[in-house]
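What follows is the residue order along each chain.
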Amino acid sequence: MAATRKRLSVTEFDFDEVKDNLKVFMRNQTEFKDYDFEGSGLSALLDVLAYNTHYLGFNANMLANEMFLDSSQLRSSVVSHAKTLGYTTRSATAAKATVDVFLNTSNTSATMPAGTVFTSSVGDTSYQFVTVEDVTSTNSGSYILFSDVSISEGSYVSSRYTADTQNVEQRFLINNTRVDTTTLSVTAQNSASDSTTTAYTLATDIAALTSTSNVYFLQEVEDGKYEIYFGDGVLGSALEDGNIVIMNYVVTNKGAANSAAVFASSAAIDTVSSINIRTVSNAAGGSEPESMESIKYNAPLDY
């Protein structure tokens, strides 16, 4: 029985309960049987012990929570668990519209480059829409028609990195949390003196990859940003020293421009300034980045 009375209860981790347990434990010791803990300096020491135990218990509980997808509370933990299941989180999504663009010209052909800007308004707010790829068309008589052109709300941004294979810490980051990764295109230029470029596509099935597959991989990293990385020469081709990685993408206002319906060209297209635009479908689909709840639900199902 004496041994039982001297055991310390370890089932509670709140400060007050820990301190009470310590008092009970010490009162059961012969040396402190009639000791007044409330009015003594030893009470301050018990406070320190109780606080320390409370902190350790809290940290251990949080650590245990973050070890599992279902109980994780931090987005970084949720994203990390999803990555182990082969799941890539959904970024912010730009509102997208489809338009027909008519160039009133006798020119035989024209090219509308990626990043061509159109404007529209929702309420009293003006928004910018851009194309994300080059489109070429020929004359149909008195005009050149670009049919069913997809335009995305936001700014067309280009980022460049020079590959340094000796730098093990080099990363290819997209430094904006409002990127729409569905608009991302990646190319690699051979070097600063050789403008030859190779297009890379997003890897979706590693079983189909070889050592020469020109693919990139995408993952969400800290602070809600995204990072791309490349193959190692076994699964996907590896970068070489001096390669210039070029990333083009749209940085968007997410759902703010949903429902935009009337579009105008803000500048000449391939030197032609007489432009008519017909809306095929209004802007829609703009959204926030995928929520933690959605990731927790979708990642196991996707796996």
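Since the structure is predicted, the reported quantities are computational estimates derived from the model, not experimental observations. (Residues numbered from 1 in each chain as written. Predicted model: local features only at pLDDT ≥ 70, side-chain atom pairs only at ≥ 80, totals over all residues. Heavy atoms only, no water.)

To continue, consider the packing of helix α2 (residues 15-27) against helix α3 (residues 42-66). Interhelical geometry of α2 versus α3 gives an angle of 130 degrees and a closest axis separation of 8 Å. As summarised for this structure, α2 and α3 are arranged oblique, according to the angle between their axes. Pair α2 / α3 crosses with right-handed handedness. Counted together, Phe15, Val18, Lys19, Leu22, Lys23 and Met26 of α2 and Leu42, Ser43, Leu46, Asp47, Leu49, Ala50, Tyr51, Thr53 and His54 of α3 form the full contact between these two elements. A class-by-class count of the residues in the contact of α2 with α3 yields nine nonpolar, three polar and three charged. (Axes fitted to C-alpha atoms, helices over the stretch in contact; angles between N-to-C directions. Helix = DSSP H or I, 4+ residues; strand = E, 2+ residues; numbered from the N terminus. Parallel < 35°, antiparallel > 145°, perpendicular 65-115°, else oblique. Left-handed = near helix turned anticlockwise from the far one by under 90°. Contact = heavy atoms within 4.5 Å. Nonpolar A, V, L, I, M, F, W, Y, C, P; charged D, E, K, R; others polar.)

Hydrogen bonding along the main chain pairs the strands of a sheet, whether they run parallel or antiparallel. With antiparallel pairing, six strands are arranged side by side in an open sheet as β14-β3-β4-β6-β1-β15. Single-partner strands in this sheet number two, and they are β14 (264-265) and β15 (275-284). Taken together, the two bridges between strand β3 (residues 117-122) and β14 define a ladder with antiparallel strand orientation. Pairing of threonine 119 across the sheet is with alanine 264, part of β14. (Pairing = 2+ DSSP bridges.)

Inspection of every chain in the model, using the stated rule, returns seven salt bridges. With a shortest N-O distance of 2.8 Å, aspartate 100 and arginine 278 are connected by a salt bridge. A residue pair is termed long-range when its members are at least 10 positions apart, and aspartate 100 in strand β1 (residues 96-104) and arginine 278 in strand β15 qualify at 178 residues. On the accessibility criterion, arginine 278 (45% relative accessible area) is partly exposed. A salt bridge links lysine 254 to glutamate 288; the nearest nitrogen and oxygen atoms lie 3.3 Å apart. With lysine 254 in the loop between β13 (244-251) and β14 and glutamate 288 in the loop between β15 and α5 (292-302), the pair connects residues that are 34 residues apart, well separated along the chain. Using a relative accessible area of 19% as the deciding quantity, one classes lysine 254 as buried. (Salt bridge = Lys/Arg side-chain N within 4 Å of Asp/Glu carboxyl O. Buried < 20%, exposed > 50% of the residue type's maximum accessible area, 1.4 Å probe, protein only.)

This part is about the packing of helix α4 (residues 75-84) against α5. Relative orientation of the contacting elements α4 and α5 amounts to 20 degrees, with a least axis distance of 10 Å. Here α4 is positioned roughly parallel relative to α5, judged by the angle of their axes. Of the two possible hands of crossing, α4 and α5 adopt the one that is left-handed. Taking contact as the criterion, the partners of Arg75, Val78, Val79 and Ala82 in α4 are, on α5, Met292, Ile295, Lys296 and Ala299. Class assignment of the residues belonging to the contact of α4 with α5 gives a composition of six nonpolar, no polar and two charged.

Another point: the pairing of β3. On a regular strand, each side chain points to the face opposite its neighbour's, so the side chains alternate between the two faces of the sheet. Alignment of β3 against strand β4 (residues 125-130), held across six bridges, turns out to be antiparallel. What sits directly across from threonine 119, in β4, is glutamine 128.

Over its 13 residues, α2 extends 18 Å from the first C-alpha to the last, a length consistent with the 18 Å expected when each residue adds 1.5 Å. For α2, the set of buried residues is Phe15, Val18, Lys19, Asn21, Leu22, Lys23 and Met26. (Expected span 1.5 Å × (residues − 1).)

Within the open sheet, the seven strands sit side by side as β7-β13-β9-β10-β11-β12-β8. Their pairing is mixed. Two strands bound the open sheet, and with one partner strand each, they are β7 (155-162) and β8 (172-174). Averaged over all pairs of adjacent strands, the angle between strand axes in this sheet comes to 30 degrees, irrespective of strand direction. Across three bridges, the pairing between β8 and strand β12 (residues 226-230) is antiparallel.

There is a patch of nonpolar side chains on the surface, built from Leu63, Met67 and Phe68 and spanning about 350 Å² of accessible area. Examined against the element boundaries, leucine 63 turns out to sit in helix α3. Among the residues examined, leucine 63 registers a relative accessible area of 57% and is labelled exposed. (Patch = residues over 30% accessible without salt bridge, like charges linked within 9 Å, V, L, I, M, F, W, Y side chains within 5 Å. Areas by Shrake-Rupley, 256 points an atom, 1.4 Å probe, with all protein chains shown as cover.)

A separate point is the confidence of the model for the protein chain. Per-residue confidence for the protein chain gives a mean pLDDT of 91; residues scoring 70 or more make up 96%. Per-residue pLDDT, averaged within each element of the protein chain, yields its smallest value for helix α1 (residues 2-5) (48) and its largest for β13 (98). (pLDDT = per-residue confidence, 0-100.)

Mapped onto the fold, glycine 86 is located in the loop between α4 and β1. When the C-alpha positions of glycine 86 and glutamine 219 are compared, they lie 9.8 Å apart, and in sequence the two are 133 residues distant.

For the rest of this paragraph, the subject is a negative patch on the surface. Residues Asp14, Asp16, Glu17 and Asp20 make up a contiguous surface patch of negative charge. Looking at the element boundaries, aspartate 20 is found in helix α2. Its relative accessible area of 43% is what places aspartate 20 among the partly exposed residues. (Lys, Arg positive; Asp, Glu negative; His and termini not counted. Charge placed at Lys NZ, Arg CZ, Asp CG, Glu CD.)

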